[in-house]
Amino acid sequence: MFLIFINGLLHVLEKLGIKIKLFADDAKLYLRVTDENDIIKLQAALDSLSNWAATWQLTVSVEKCFVLNIGNAVIQPQISINGVVYCCPLFCPAATSE
């Protein structure tokens, strides 16, 4: 039954140019970020994910979400899911204050 729900999400994210990998009820969204426009695209995808989940009365486990930065990013991405802000550990003040 869950597969019927998830197909709608796949189509929405593909339209935004976001790649998604699924396993059971987990999803990994990824995108090569080269400039601010890519960050905006990623945020739009996360907003679409939140809206999709709300429409189907599902929840996004924001406590299990994180950002993984691979490479030498000079962009300081700050994205959010349901009001919870995520940032890459390289740029996140909370990660460097220890």
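Side note on the overall build of the protein
Reasoning step 1: The number of helices and strands found in the protein is 3 helices and 4 strands.
Reasoning step 2: In the protein, the succession of helices and strands from N to C terminus is α-β-β-α-β-β-α.
Reasoning step 3: Counting every position in the protein, which comprises 98 residues, the buried fraction comes to 27%.
Reasoning step 4: Taking the contacts inside the protein whose residues are at least 6 apart along the sequence as the reference set, 33% of them involve residues at least 24 apart.
Reasoning step 5: Counting only carbon and sulfur atoms, one obtains 57% of the accessible surface of the protein, whose full area is about 7300 Å².

Observations concerning the nonpolar core
Reasoning step 1: Of all hydrophobic cores here, the largest spans 19 residues; its most connected members are Leu-9 and Ile-79.
Reasoning step 2: Among the elements of the structure, helix H1 (2-15), helix H2 (36-55) and strand S3 (78-81) are those that each provide at least two residues to this core.
Reasoning step 3: The element best represented in this core is H2, accounting for 7 residues.
Reasoning step 4: For Leu-9, the contacting residues outside a window of four places in its chain are Ile-20, Leu-49 and Trp-52.

Thoughts on the environment of Ile-18
Reasoning step 1: Within the secondary structure layout, Ile-18 lies in the loop between H1 and strand S1 (19-23).
Reasoning step 2: For Ile-18, a relative accessible area of 3% gives the class buried.
Reasoning step 3: Between the C-alpha atoms of Ile-18 and Leu-31, which are 13 residues apart in sequence, the distance is 5.8 Å.
Reasoning step 4: Excluding residues that lie within four positions of it along the chain, Ile-18 makes contacts with Leu-13, Leu-29, Tyr-30, Leu-31, Lys-41, Leu-42 and Ala-45.

With respect to the pairing of S1
Reasoning step 1: Sheet analysis places S1 next to strand S2 (residues 26-30), joined by 5 bridges and oriented antiparallel. Within S2, the position partnered with Ile-20 by the bridge is Leu-29.
Reasoning step 2: From the end of S1 to the start of S2, which pair antiparallel, there are 2 residues, and Ala-24 there has a positive phi angle of about 55°.

The rules behind the values
Residues numbered from 1 in each chain as written. Predicted model: local features only at pLDDT ≥ 70, side-chain atom pairs only at ≥ 80, totals over all residues. Heavy atoms only, no water. Helix = DSSP H or I, 4+ residues; strand = E, 2+ residues; numbered from the N terminus. Buried < 20%, exposed > 50% of the residue type's maximum accessible area, 1.4 Å probe, protein only. Contact = heavy atoms within 4.5 Å. Areas by Shrake-Rupley, 256 points an atom, 1.4 Å probe, with all protein chains shown as cover. Core = buried A, V, L, I, M, F, W, Y, C linked by side-chain atoms within 4.5 Å. Pairing = 2+ DSSP bridges.

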